[in-house]
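What follows is the residue order along each chain.
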Amino acid sequence: MLKRVALMSKRMALALPFLLAAVLPASAAVKASDVIGRAIDGFVRPAYASLDEHAGGLTMAMHQLCEAPSGQNLEAARAAFSGTVEAWSVAEIIAFGPIKENNRLERMLYWPDRKSIGLRQVQATLASKDPSAADPAQLAQKSVAMQGLGALEYVLYGDGAETLAGKDDPYRCAYGAAVAGNIEAMAGEVRDGWQKPDGFASLWANPGPKNPLYRDGNEAVTELVGVFINELDMIRDVRLKGFLGAKPDADKPKQAIYWRSQNTTASLAANLSGIDQLFQVSRLGDALPADAQWMAESIHIQLSNGVTTAKSVAGPIDKALADPALRDKLEHFALITSSLSTLIGTRLTAEFGLTAGFSSLDGD
């Protein structure tokens, strides 16, 4: 299981010989606290609020399906699931702060599940019809693999999912509704956590010598830059290359995230879209020297191209991999993320005095 750390500054080998404001003339100084404040207000809070809204709609759709099973309500629940996946894929790039508390990150999405441990737990629950798993409160205390998006995807799209359109297997729908309720509860908790006046957002936006997490502006901005670098690595090296082999005969379509619901590339696109939104609203690029301002626009263009490329690969991922033209697009997507990793992880960090080459994927 990929472990993402809460404090990037503790995992990075950084040399921070400057204050962020020093990279521009005093008249145009960029304050670290302003950059972080814009990131929180312009991206983090809206992203998790959107997730909470989508999760609420998903819970309602699941309850409607359970109360009136039909093909139409099943499709509505599946559409609500896809919308929630997209909202989560935007928000999940902020993998620290409230989402890290109480194992919410793993509970929201247990992935990768290379040994199918989580899958077997969900299948066993459906087979045994454990009544406690159909109660959101009790479900929240069970295995992380049983209570998040991966579990609900199997309920809605896995073997036997067609029974949801009828009345033959009410337990499956009840369990799915409990999972949806659990997802909604976590989304609400994270949204509220970011809104607390004296919570994590305040610590991140107000670094100082008495701050237990961020002693100065450099550490606060390091956390932000770490989002871009580490999430690009995760998208390319873990999610994409987890199913896209070096050659077609090495492809593993069933290792792709959300392959059952055909949300693989939509999720990858939303990940990059989240990175782009965060980079734009934080205006981190404003802190670049005049002769390096081109980097900000280049980063935005490449992120936009990556989103467009991922979205152009629609449908089942196994069929996309079998189509040479679509497979080429996935390889192009990998190249875009590699180019972005170099641009942000090497060139931009050099301008900011950060030591390049760090990653939360190093070590455990």
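Everything that follows concerns the structure shown earlier in this document.
Just so you know, these numbers come straight off a predicted model, no measurement behind them.

(A) How the structure looks around the overall build of the protein. Each helix and strand in the protein was counted, giving 13 helices and 0 strands. Looking at the protein residue by residue over its 364 residues, the buried ones come to 53%. Summed over all atoms, the accessible surface of the protein reaches about 15300 Å², with 52% contributed by carbon and sulfur.

(B) Spotlight on the side chain of Asn 263. Looking at the element boundaries, Asn 263 is found in the loop between α9 (217-240) and α10 (264-282). Here Asn 263 falls in the buried class, since its relative accessible area comes to 7%. There is a polar contact of 2.9 Å between the side chain of Asn 263 and the side chain of Ser 261.

(C) Focus on α9. For α9, which comprises 24 residues, the first-to-last C-alpha distance of 33 Å matches the rise-based estimate of 34 Å (1.5 Å per residue) to within 8%. Its axis deflected by about 25 degrees at Met 234, α9 carries its strongest bend there. Two to three positions downstream of the cap, the backbone nitrogen of Asn 218 sits 3.0 Å from a side-chain oxygen, assigning the N-cap of α9 to Asp 216.

(D) Just the pattern of salt bridges, in detail. As enumerated under the stated definition, the model contains 16 salt bridges in all. Between Asp 41 and Arg 45 there is a salt bridge, with the nearest N and O atoms lying 2.7 Å from each other. Placement of the pair is Asp 41 and Arg 45 together in helix α1 (residues 32-67), with a separation of 4 residues, close to one helical turn. What makes Arg 45 partly exposed here is its relative accessible area of 21%. It is possible to trace a salt-bridge network through shared partners that takes in Asp 233, Arg 236, Asp 237 and Lys 241.

(E) Broad picture of the state of the cysteines. All told, the structure shown has 1 disulfide when counted by the stated rule. Each sulfur in the disulfide pair Cys 66 and Cys 173 lies 2.2 Å from the other. Because the torsion about its S-S bond is -100 degrees, the bridge between Cys 66 and Cys 173 counts as left-handed. Here Cys 66, found in helix α1, pairs with Cys 173, found in helix α7 (residues 170-195); they are 107 residues apart in sequence, far enough to count as distant.

(F) Molecular detail of the packing of helix α2 (residues 71-91) against α10. Packing of α2 against α10 brings their axes to within 7 Å, and their N-to-C directions diverge by 40 degrees. Here α2 lies oblique to α10, going by the angle between them. In this structure, the crossing between α2 and α10 has a hand that is right-handed. Contacts between α2 and α10 involve Val 85, Glu 86, Ser 89 and Val 90 on the former and, on the latter, Ser 267, Ala 270, Asn 271, Gly 274 and Gln 277. Of the residues assigned to the contact of α2 with α10, the class counts are 3 nonpolar, 5 polar and 1 charged.

Cut-offs and rules
Residues numbered from 1 in each chain as written. Predicted model: local features only at pLDDT ≥ 70, side-chain atom pairs only at ≥ 80, totals over all residues. Heavy atoms only, no water. Helix = DSSP H or I, 4+ residues; strand = E, 2+ residues; numbered from the N terminus. Buried < 20%, exposed > 50% of the residue type's maximum accessible area, 1.4 Å probe, protein only. Areas by Shrake-Rupley, 256 points an atom, 1.4 Å probe, with all protein chains shown as cover. Polar contact = N/O pair within 3.5 Å; in protein donor to acceptor, adjacent residues only side chain to side chain. Expected span 1.5 Å × (residues − 1). Bend = angle between axes of the 7 residues up to and from the residue. Salt bridge = Lys/Arg side-chain N within 4 Å of Asp/Glu carboxyl O. Disulfide = S-S within 2.5 Å. Axes fitted to C-alpha atoms, helices over the stretch in contact; angles between N-to-C directions. Parallel < 35°, antiparallel > 145°, perpendicular 65-115°, else oblique. Left-handed = near helix turned anticlockwise from the far one by under 90°. Contact = heavy atoms within 4.5 Å. Nonpolar A, V, L, I, M, F, W, Y, C, P; charged D, E, K, R; others polar.

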